Amino acid sequence: MNLEKNHPGKLFILSGPSGAGKGTICKALLDQTDLQLSVSMTTRAPREGEIHGKHYYFVSEEEFVANIENDGFLEHAQVYGRRYGTPKAPVIEKLEKGIDVILEIDIQGALKVKENYPDGVFIFILPPSMSVLRKRLTGRGTETPEAIEMRLGETLKELSFIEKYDYCVVNGELDEAVTRVKSIVVAEHSKVTFTAEELIRKYEEE
Ligand code: ADP
Ligand code: 5GP
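Residues numbered from 1 in each chain as written. Chains lettered and ligands numbered in written order. Predicted model: local features only at pLDDT ≥ 70, side-chain atom pairs only at ≥ 80, totals over all residues. Heavy atoms only, no water.

Participant: In this structure, what is going on with the site of ligand 1? I would like to understand it.
Facilitator: Near ligand 1 you find 14 residues, and of these Gly19, Gly23, Thr24, Arg140 and Asn171 are the closest. At 2.9 Å from an oxygen atom of ligand 1 is found a main-chain nitrogen or oxygen belonging to Lys22. At the level of secondary structure, the elements contributing two or more residues to the shell around ligand 1 comprise helix H1 (22-32) and helix H5 (130-140). A per-element tally of the shell around ligand 1 places H1 first, with 3 residues. In terms of residue class, the shell around ligand 1 is made up of 3 nonpolar, 7 polar and 4 charged. (Near = heavy atom within 4 Å. Polar contact = N/O pair within 3.5 Å; in protein donor to acceptor, adjacent residues only side chain to side chain. Helix = DSSP H or I, 4+ residues; strand = E, 2+ residues; numbered from the N terminus. Nonpolar A, V, L, I, M, F, W, Y, C, P; charged D, E, K, R; others polar.)

Spelled out as structure tokens, the structure:
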């Protein structure tokens, strides 16, 4: 029994509305912690600078469907007209080795993971306000104005799922939001997951 890190790896699920800052927070977490990102599979085209195998596995519709048929996904969903899924095997392998894994996925996907893996830690990233969200989505410059309106239109519906989550973090100032997520990781690893008998035996042995 290791009192510092007393379970195998933990699964952290970061989700929230488009533009809330999931990707930005995730990148900081990967730089600052031992968390490992699960690389999703998608049928959408790569954006400039995105690398196959690092940002996503960019696959055809046929490959995606074959992976569904082979039971290869922990969850998969249609998001803004494209398919996205979390490959199952690499996540399970890492958790078994004691590595913490982070999924950066949409809300439908998070709810599906919760059905199959209720031990996951579900974190909802919130923008400080709708007007800030609009500015960030516009500033990112990766979607057309119509696509931005579609994403903003989904936001209030998405907020209705907040009660399914364990934690929420408002992404106002980035460093503070990242610190909060890191604190959640530490808190989750500080839970009492052993019996009094195990604890006493360990202290008697030392
Ligand atoms: P998501 O992954 O949730 O869709 P992104 O991480 O892509 O969102 O963030 C959306 C935009 O907002 C990006 O241009 C990003 O640089 C910017 N952004 C994210 N977090 C912050 C923050 N705390 N303060 C200011 N801008 C931010
Ligand atoms: P983008 O195309 O902007 O990279 O991602 C669009 C949305 O898809 C984001 O909300 C992102 O979190 C979500 N997403 C990315 N990968 C997955 C995945 O594997 N499963 C699900 N359900 N959503 C994903």
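Participant: Just checking my understanding: could you explain the domain arrangement of the protein for this structure?
Facilitator: Size of an interface, as often reported, equals the accessible area lost when the parts are brought together. Assigned domains within the protein: domain 1 (1-35 + 100-206) and domain 2 (40-99). Between domain 1 and domain 2, the C-alpha centre-to-centre distance is 19 Å. At the junction of the two partners, domain 1 supplies 23 residues and domain 2 supplies 14 residues. Buried area between domain 1 and domain 2, both sides added, is near 1500 Å², and the carbon and sulfur share of it is 62%. For domain 1, the biggest contributors to the area lost against domain 2 are Val101, Lys112 and Arg151; these three give 24% of the whole. Between Arg47 and Glu143 there is a salt bridge, and its shortest N-O distance comes to 3.2 Å. The tally of links from domain 1 across to domain 2 stands at 4 residue pairs in polar contact (both at pLDDT 80 or more). Secondary structure elements with two or more residues in the side of domain 1 that touches domain 2: strand S7 (101-104), helix H4 (107-116) and helix H6 (145-159). Here the side of domain 1 that touches domain 2 takes 5 residues from H4, the largest share from any one element. Looking at side-chain class alone, the side of domain 1 that touches domain 2 contains 8 nonpolar, 6 polar and 9 charged residues. (Domains from an automatic or database assignment. Contact = heavy atoms within 4.5 Å. Buried area = accessible area lost by both parts, 1.4 Å probe. Salt bridge = Lys/Arg side-chain N within 4 Å of Asp/Glu carboxyl O.)

Participant: Before we go on, may I ask you to explain the site of ligand 2 in this structure?
Facilitator: With respect to spatial proximity, 16 residues lie near ligand 2, and among them Ser40, Arg44, Tyr56, Glu75 and Tyr84 are the closest. Contact between ligand 2 and Glu75: a nitrogen atom at 2.7 Å from a side-chain N or O atom of the residue. Within the backbone of Gly85, a nitrogen or oxygen atom sits 3.1 Å from an oxygen atom of ligand 2. When ligand 2 sits alone it has 520 Å² of accessible area, and the protein chains cover 94% of it. Elements that contribute at least two residues to the shell around ligand 2 include exactly strand S5 (73-79) and strand S6 (82-87). Counting contributing residues per domain, the shell around ligand 2 is built from domain 1 (1-35 + 100-206) and domain 2 (40-99), each supplying no fewer than three. (Areas by Shrake-Rupley, 256 points an atom, 1.4 Å probe, with all protein chains shown as cover.)

Participant: I keep staring at the environment of Ser131 and nothing clicks. Help me out?
Facilitator: Checked against the element boundaries, Ser131 lands in helix H5. Side-chain polar atoms of Ser131 contact the side chain of Ser129, separated by 3.2 Å.

Participant: Can you help me understand the confidence of the model for the protein in this one?
Facilitator: Parts of the model with low pLDDT should not have their predicted coordinates read in detail. For the protein, mean pLDDT is 93; residues scoring 70 or higher make up 97% of the total. Here residues 1-6 scores under 50 on pLDDT; set against residues more than four positions off or in separate chains, the count is 16 contacts. (pLDDT = per-residue confidence, 0-100.)

Participant: Teacher, can you tell me more about the packing of aromatic side chains here?
Facilitator: What characterises a pair of aromatic rings is the spacing of the ring centres plus the angle enclosed by the ring planes. As enumerated under the stated definition, the model contains 5 aromatic pairs in all. Aromatic ring contacts, followed pair by pair, group Tyr56, Phe58 and Tyr84 into a single cluster. The residue whose ring lies beneath Lys114 is Phe122, and the NZ or CZ to ring-centre distance is 5.5 Å. (Phe/Tyr/Trp six-rings, centres within 6.5 Å; stacked < 30°, edge-to-face > 60°. Lys NZ or Arg CZ within 6 Å of the ring centre and 35° of its normal.)

Participant: How should I be thinking about the nonpolar core in this particular structure?
Facilitator: One recurring pattern in soluble globular proteins: nonpolar side chains tend to sit buried together. The biggest cluster of nonpolar side chains holds 18 residues, and the ones touching the most others in it are Leu14, Ile25, Leu29, Ile123, Ile125 and Val181. Taken together, the elements giving at least two residues each to this core come down to strand S1 (11-15), H1, strand S8 (121-126) and helix H7 (174-188). The dominant element in this core, judged by the number of residues it contributes, is H7, at 5 residues. Those residues in contact with Leu29, other than ones at most four positions away along the chain, are Leu14, Leu35, Ile102, Val178, Val181 and Lys182. (Core = buried A, V, L, I, M, F, W, Y, C linked by side-chain atoms within 4.5 Å. Buried < 20%, exposed > 50% of the residue type's maximum accessible area, 1.4 Å probe, protein only.)

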